[in-house]
Amino acid sequence: MNNFRIGGGKIMKKNEIDHLVVEWLAQAKKMVFSSSSRKIMVETKTSRNDLVTELDRQIEKFLVTQIKNVFPTAQIISEESHPKLDEFDPQQLLWIIDPIDGTMNFVKTRRDFAIMIGVYQNNQGQLGYIYDVMNDCLYHGGPEKGVFCNQQRLLPPANLSLNQGLLETGALMLLHNRCNLQKIALASNGVRIYGSAGIQIIRVLTGQAVGYVSHLKPWDLAAGRVLAETLGLTVKTIDGHIPDVLSSVDVLVASKNAQEDIVRMAQAPY
C-alpha cells in the first residue's frame, strides 16, 4: 500500500507522508529544547509515578493539528487525550501517538525519552517513528521501505537466543515476577530497564538486546511494532499470541529464537 487517501478524493504517496512526519518531529524537537529554559509544569495521572507535563500536551496538540490538516478524516489515538479505544476502527486510517514516551525520564533526567508515531490502515502497520530526541536519532520506516536511523538503513539484527544477549524489561513486571520474568532474566546475559518503551525497543531493533518485555498500551507499542516487524523481529504477547492493535497487554518484542525461549519459560511452573 504505497498511497493513502487523505479525504476529498485526494491521494498522497507514502514517501510524501514520511517527509511530512519527519518535518513535524523536527519541530517537536525544537519544542523540547525550548522548554529547557523554563520550569515545566508536572501533574500526576493514575499515581505519583504516572506523570504528564505541559510539554506532553503541547507536542500532542501540535502533532494532532498537523495530522488533521492533511488527513481531516483520520482517526487519532494519543495518550494524553484519554481515548476510548473501543470507539476506533483499526480497519480505517489510524494514527497512534505518544508525545513523550518516558515522561518520568524527561522530568528527572532530560534523557531516555522518545516521541512516537505509528500509522496503521486495514489493521496493518504502515509507518513507524521513534524519535530519540536527545541523541537526535529518528528510527523510521515501514514494510515497503525498510527501517532507517536518520538516513542510515538498519540491517535485521542477528537471530540470537535468550542466553546470548541482554533483556530489556519493565521494572514492575520484574519486581513482581510476572510471567516468570525473574527466571527469564537470569537466563539472559543481563537485564536493562530504561523506563521508556521506545528507547528499549530501539535496543532490540539495533541488536543491542535480544528482547523487550513489558505491559504496553497501544501508544507504547504502535510505532515500535511497525519497525520491529519490518526487521523480521517477532511482536507477540508473552504467551505467544498476536496482540490486537488497540489492546493493552504484556508484549514481547524479540528475535525469533529469544521469543521461543521466553515463551517457553513464561509458561513453565513458577
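Predicted model only: the values in this text are computed from it and were never measured.

Trainee: Residue-level account of the packing of aromatic side chains, with values.
Mentor: Each pair of aromatic rings is reported with the distance of its centres and the angle of its planes. A complete count under the given rule lists 3 aromatic pairs for this structure. A centroid spacing of 6.1 Å and a plane angle of 45° characterise the contact between tryptophan 24 and tryptophan 95, whose relative ring orientation is tilted. Taken as a pair, tryptophan 24 in helix 1 (residues 14-34) and tryptophan 95 in strand 6 (residues 94-101) lie far apart in primary sequence, 71 residues in all. In terms of burial, tryptophan 24 and tryptophan 95 fall into one category: buried.

Trainee: Talk me through the environment of histidine 241; I want residue IDs and the actual numbers.
Mentor: Assignment of secondary structure puts histidine 241 in the loop between strand 15 (234-237) and strand 16 (249-254). As a C-alpha pair, histidine 241 and glycine 142 span 99 residues in sequence and 22 Å in three-dimensional space. At a separation of 3.2 Å, a polar atom in the side chain of histidine 241 contacts the side chain of aspartate 239.

Trainee: Describe in detail the sheet that holds strand 11 (residues 152-153), supporting the description with residues and values.
Mentor: Taken in spatial order, the 7 strands line up as 5-6-7-8-9-10-11 in an open sheet, and their pairing is mixed. Two strands in the sheet have a free side with no partner beyond their single neighbour: strand 5 (75-78) and strand 11. Where strand 5 meets strand 6, 4 bridges bridge the pair, whose relative direction is parallel. Paired with serine 78 across the two strands is isoleucine 97, which belongs to strand 6.

Reading the values: the criteria
- Residues numbered from 1 in each chain as written.
- Predicted model: local features only at pLDDT ≥ 70, side-chain atom pairs only at ≥ 80, totals over all residues.
- Heavy atoms only, no water.
- Phe/Tyr/Trp six-rings, centres within 6.5 Å; stacked < 30°, edge-to-face > 60°.
- Helix = DSSP H or I, 4+ residues; strand = E, 2+ residues; numbered from the N terminus.
- Buried < 20%, exposed > 50% of the residue type's maximum accessible area, 1.4 Å probe, protein only.
- Polar contact = N/O pair within 3.5 Å; in protein donor to acceptor, adjacent residues only side chain to side chain.
- Pairing = 2+ DSSP bridges.

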